[in-house]
Amino acid sequence: MPEISVIVPVYQAEKYLKACVESVLHQTFSDWEMLLVDDGCTDGSPAICDACAAGDDRIRVFHKEKNEGVSKARNLGLAEARSPYIAFLDVDDRYEPQCLETLWNLRERAGADSAGCAHWNLWPDGREEAELLLPPAVYDEQGIRKGIVLPLLGERLRQPVFNGFIWRFLYSTEIIRKVGITFEGAYLEDELFLMEYFCNARRLAVTDQPLYRYLFNPASATHKYMKDFRKVFCRYMERKEELAARYQLESECPQWRENTNWAGLLIAVGNEFAKGNPKTLRERQKAVEALCAEPDMARAIATLKPEGLNSNKRLVADLVRKKHFFLLAQMYRLKNRI
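Residues numbered from 1 in each chain as written. Predicted model: local features only at pLDDT ≥ 70, side-chain atom pairs only at ≥ 80, totals over all residues. Heavy atoms only, no water.

> Tell me what's going on with the layout of surface pockets, and back it up with residues and numbers.
In this structure, the second largest pocket occupies an estimated 330 Å³ of space. Around the second largest pocket, the lining is made up of 18 residues, and of these A186, Y187, M226, D228 and V232 lie nearest the centre. Of all elements in the fold, only α7 (189-198) and α8 (229-246) reach the threshold of two or more residues within the lining of the second largest pocket. By residue number, the principal contributor to the lining of the second largest pocket is α8, which donates 5 residues. A class-by-class count of the residues in the lining of the second largest pocket yields 9 nonpolar, 1 polar and 8 charged. (1 Å grid on protein atoms, 1.4 Å probe; cavity = no way out; pocket = protein on both sides within 12 Å on 5 of 7 lines; lining within 4 Å. Points joined across faces, edges and corners; volume = space filled by probe spheres on them. Helix = DSSP H or I, 4+ residues; strand = E, 2+ residues; numbered from the N terminus. Nonpolar A, V, L, I, M, F, W, Y, C, P; charged D, E, K, R; others polar.)

> Give a detailed account of unusual backbone geometry, specifying residues and quantitative values.
A cis amide bond links Q159 with the next residue in sequence, P160, at an omega value of -5°. Inspection of the secondary structure puts P160 in the loop between α5 (141-154) and β9 (169-172). Positive phi is not limited to glycine here, since Q248 has a value of about 55°. Relative to the elements of secondary structure, Q248 occurs in the loop between α8 and α9 (256-272). A relative accessible area of 65% places Q248 in the exposed class. (Buried < 20%, exposed > 50% of the residue type's maximum accessible area, 1.4 Å probe, protein only.)

> Give a description of the nonpolar core that names residues and reports values.
M34, L36, F88, F198, W262 and L328 are the most contacted members of the largest nonpolar core, which totals 112 residues. Beyond its immediate stretch of four places on either side in the chain, F198 contacts S114, I144, I148, V149, F169 and L204. (Core = buried A, V, L, I, M, F, W, Y, C linked by side-chain atoms within 4.5 Å. Contact = heavy atoms within 4.5 Å.)

> Summarise the packing of aromatic side chains; cite the residues concerned and give the values.
Under the criterion given, the structure shown has 19 aromatic pairs. With a centroid separation of 5.5 Å and an interplanar angle of 90°, the aromatic rings of F88 and F183 are classed as edge-to-face. Within this pair, whereas F88 is found in strand β4 (residues 85-88), its partner F183 is found in the loop between α6 (173-179) and α7, the two being separated by 95 residues in sequence. Assigned by exposure class, F88 and F183 land together as buried. (Phe/Tyr/Trp six-rings, centres within 6.5 Å; stacked < 30°, edge-to-face > 60°.)

Rendered as structure tokens:
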């Protein structure tokens, strides 16, 4: 039985797939299995997956007949994983050669159930920047709650926001299966997975070494117009409510709803004025007005003034708070050339 299962959802990824797989093949830690989940690809990805598996028996491939999204692909990987520890890798990203070995040894030395690392942010123009997960240390339950769970619950505005990147960690399969933690949806699913997992983790070892190479991909789903964003966000809030109640988080972050709704509102405004939206500028403006008038959003706007935003989001928040929706629409018209 391998020690680490690396789960990789694959969709229309023939451009990136070989390099992604090679970054695992070149690991200094060899006791792994790689689960490539073909999520109904129609390009050359399925054949590349099969060729990779034919070349190394540590690679297993699962072909799905139709595309069902990244969450179901990851859930299939979780169900099929044979290792006591799990890592995630996005198909357009890479591991540094020492990634798995460093995380494994870090966890072993600390007697921890989980390990985490810093990562590299990569931009298409060639820029690279390291981003810390947390200061290097071994965190107990209280430290995990303070450093990860509560920031994911309610500190979603002040910069720098704690990013819910699931691929920065080595996870205990036992914890995931005992609690029944899975992914749901195509957006913000990683934040909820991390919240629930780290409500159950007992000890986390963290290094400041950047061991993962994250490509900022403008073509990814995260950066496209989402027609059903409001529906997705409502379900996200429902699940967050469930977790806050189950793990008794409310008292430690009493304004988490307002904070999270403000964060969602700022995302929703940007999404409404994204280039892929077929609505007219006037229709978009009215949609934003209607969103701000919804009870949960209106309560957040009335009771919480966002602090710590970057200059662009601060301007959007100010226009929303003052109900200057026409000016907001014109600003986005110029910015996005609508």
